[in-house]
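# Structural characterization, general
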Amino acid sequence: MTTHARTYNQDHIARKHTPGKRRVSIYWTWSYPWETNRDLTELDNRFSSMTEVRRVAWPAFEASEWDKMNFLQGIGGTLELFHRSTLSFQTVVGEATGHPVAVFQRIDQAGYKLPIDERVLDDTDTLMVFGLDHLVAEQEAETAEIDAIREWLKREGTCLLLAPHHDVGFTDDAKQRQIEYCHHGDELVPRQQRFSQYTRSLMKALNVPVINQWGLRPAVVNGTKEIAPLTAFRDFDKLGLLNNVTTFNFHLHLPHYEVTTQDANSVRVLGRQLIDLDRPHPFTAAGNIEFNCLLWLPPNEHRAGDILIIDSTHFTTLFGGTDSLANFWRNLALMK
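Below: a short report on this structure. (Residues numbered from 1 in each chain as written. Predicted model: local features only at pLDDT ≥ 70, side-chain atom pairs only at ≥ 80, totals over all residues. Heavy atoms only, no water.)

The next point concerns the nonpolar core. Grouped together as the largest cluster of nonpolar side chains are 47 residues, with contacts concentrated most on Met128, Leu161, Phe248, Phe315 and Phe328. Counting only elements with at least two residues in this core, the list comes to strand 1 (24-31), helix 3 (75-85), helix 4 (87-97), strand 3 (126-131), strand 4 (159-164), strand 7 (210-216), strand 11 (290-297) and helix 10 (323-333). Per element, the largest residue contribution to this core is six residues, and it comes from helix 10. Leave out the neighbours within four places in its chain, and Phe248 touches Ile227, Leu230, Leu242, Cys293, Leu294, Ile310, His314, Thr322, Leu325 and Phe328. (Core = buried A, V, L, I, M, F, W, Y, C linked by side-chain atoms within 4.5 Å. Buried < 20%, exposed > 50% of the residue type's maximum accessible area, 1.4 Å probe, protein only. Helix = DSSP H or I, 4+ residues; strand = E, 2+ residues; numbered from the N terminus. Contact = heavy atoms within 4.5 Å.)

Moving on, we come to the pattern of salt bridges. Considering all chains together, one arrives at 18 salt bridges under this definition. When the shortest N-O distance is used, the salt bridge between Arg84 and Glu65 registers 3.9 Å. A residue pair is termed long-range when its members are at least 10 positions apart, and Arg84 in helix 3 and Glu65 in the loop between helix 2 (50-57) and helix 3 qualify at 19 residues. Here Asp117 makes a salt bridge to Arg119, at a shortest N to O gap of 2.7 Å. (Salt bridge = Lys/Arg side-chain N within 4 Å of Asp/Glu carboxyl O.)

Glancing now at the pairing of strand 10 (residues 268-274). Pairing of strand 8 (residues 231-232) with strand 10 involves two bridges; the strand directions are antiparallel. Considered in strand 10, the bridge of Thr231 is made with Arg272. Direction of pairing for strand 10 relative to strand 11: antiparallel, over a ladder of six bridges. Following the sheet pairing, Val269 is matched in strand 11 by Leu295. (Pairing = 2+ DSSP bridges.)

Turning to helix 6 (residues 143-152), its buried residues are Glu145, Ile146, Ile149 and Trp152. Buried residues of helix 6, seen end-on, are gathered within an arc of 130° and therefore sit on one face of the element. What points out from helix 6, more than 90 degrees from its buried face, is the exposed set Thr143, Ala144 and Glu151. Elements in contact with the buried residues of helix 6: strand 1, strand 2 (102-107), helix 5 (118-121), strand 3, strand 4 and helix 8 (197-205). (Arc of directions from axis to C-beta.)

Leaving glycine out, the prevailing phi sign among residues is negative, and the prevailing peptide bond configuration is trans. With omega at 5°, the peptide bond leading from Trp58 into Pro59 counts as cis. Among the secondary structure elements, Pro59 is positioned in the loop between helix 2 and helix 3. In this model, Asn45 sits at a positive phi of 55°, which is unusual for a non-glycine residue. Among the structural elements, Asn45 can be located in the loop between helix 1 (32-36) and helix 2. Since its relative accessible area comes to 8%, Asn45 is described here as buried.

This part is about the environment of Leu43. Secondary-structure assignment places Leu43 in the loop between helix 1 and helix 2. Among the residues examined, Leu43 registers a relative accessible area of 70% and is labelled exposed. Along the sequence, Leu43 and Pro190 sit 147 residues apart, while their C-alpha atoms lie 6.5 Å from each other.

To continue, consider the environment of Arg150. Here Arg150 shows up in helix 6. With 56 residues separating them along the chain, Arg150 and Leu206 place their C-alpha atoms 7.5 Å apart. Here Arg150 is in contact with Ala205 and Leu206, once residues within four sequence places are set aside. Here Ala205 takes part through its backbone oxygen, which lies 2.8 Å from a polar atom of the side chain of Arg150. (Polar contact = N/O pair within 3.5 Å; in protein donor to acceptor, adjacent residues only side chain to side chain.)

Throughout the structure, instances matching the rule amount to 17 aromatic pairs. Ring centres of Phe130 and Phe315 lie 5.9 Å apart, and the angle between their planes is 25°; this geometry places the pair in the stacked category. With a gap of 185 residues between them, Phe130 in strand 3 and Phe315 in the loop between strand 12 (306-309) and helix 10 connect regions that are remote in the sequence. Side by side, Phe130 and Phe315 carry an identical accessibility label, which is buried. Among the aromatic residues, those joined into a cluster by ring pairs are Trp28, Trp30, Tyr32, Phe47, Phe82, Phe89, Phe130, Phe195, Phe248, Phe315, Phe328 and Trp329. One Lys or Arg, Arg191, reaches over the ring of Tyr181 and ends 3.5 Å from the middle of that ring. (Phe/Tyr/Trp six-rings, centres within 6.5 Å; stacked < 30°, edge-to-face > 60°. Lys NZ or Arg CZ within 6 Å of the ring centre and 35° of its normal.)

This paragraph deals with helix 8. In terms of burial, helix 8 is a largely internal element, eight of the nine residues being buried. The complete set of buried residues in helix 8 reads Gln197, Tyr198, Thr199, Arg200, Ser201, Leu202, Met203 and Ala205. At the C-terminal side of helix 8, Asn207 shows a positive phi close to 60°.

Below, the structure written as structure tokens:
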């Protein structure tokens, strides 16, 4: 047998601390039931159903493994695609660290709620908070969670990776929403899709002066479908995250992480991404040609741990994957 049996709906088994071997955990901020129970007649602020994915991506999902006998056809199927898309990341990190990547959900398929507390934090060195909850779901970090994370970040060697997703169509101006839609060009993203209320509330509580904005289409190398190289600020990359990394992966709508402080020492921009300038957008109309895609908040007097800001898309293979991206995963897993 080349693969292990899959398990589901059981308690997490804690991983023992191993010097130099990080224990990495993913935390999906959504309420799985709330997202999957959304009314399909609602146009905005919901995930697409698997049926809609099949229609737009035809014939990519027409094999029997994706039919109604074998795979969820509603919104739940789309959420399961996200879960499946992190398996390569989990494999790379597991091989690099010797520890399996733990995967948690705020409210899972079976209806169990798991706030971020000692059950998540005690055996975690790097916590990845994937902010794919819609704003209208009103997910908020609770006081006890914030206190637990603050205390955890006092521990040497911790890293909190925050991944607020895009904020498309935040305006009531229908014309601007259509411009944004034409810019990213993804038929599966509605004219308004606003993500990451939970992550935003957590960033506010932890004094992380960053806000996720827009959904921007990266530029590609001329004549190809390959994403343009990163603008990397390697002199600031004290953690070595960008060693042997030239690109992340292409995605049609990536967030710009706007820094909202003038204190250059509190937030370091490690990477920016060129934008597709052939497709008009309010952000480029204002004179911008790149967006912030990787930020680092070094330890300070309140915490010993690091904080990173990067989109969850870059830990999935739904939208491609490269050797450069795998190098980034290893760098993160082996971060000192």
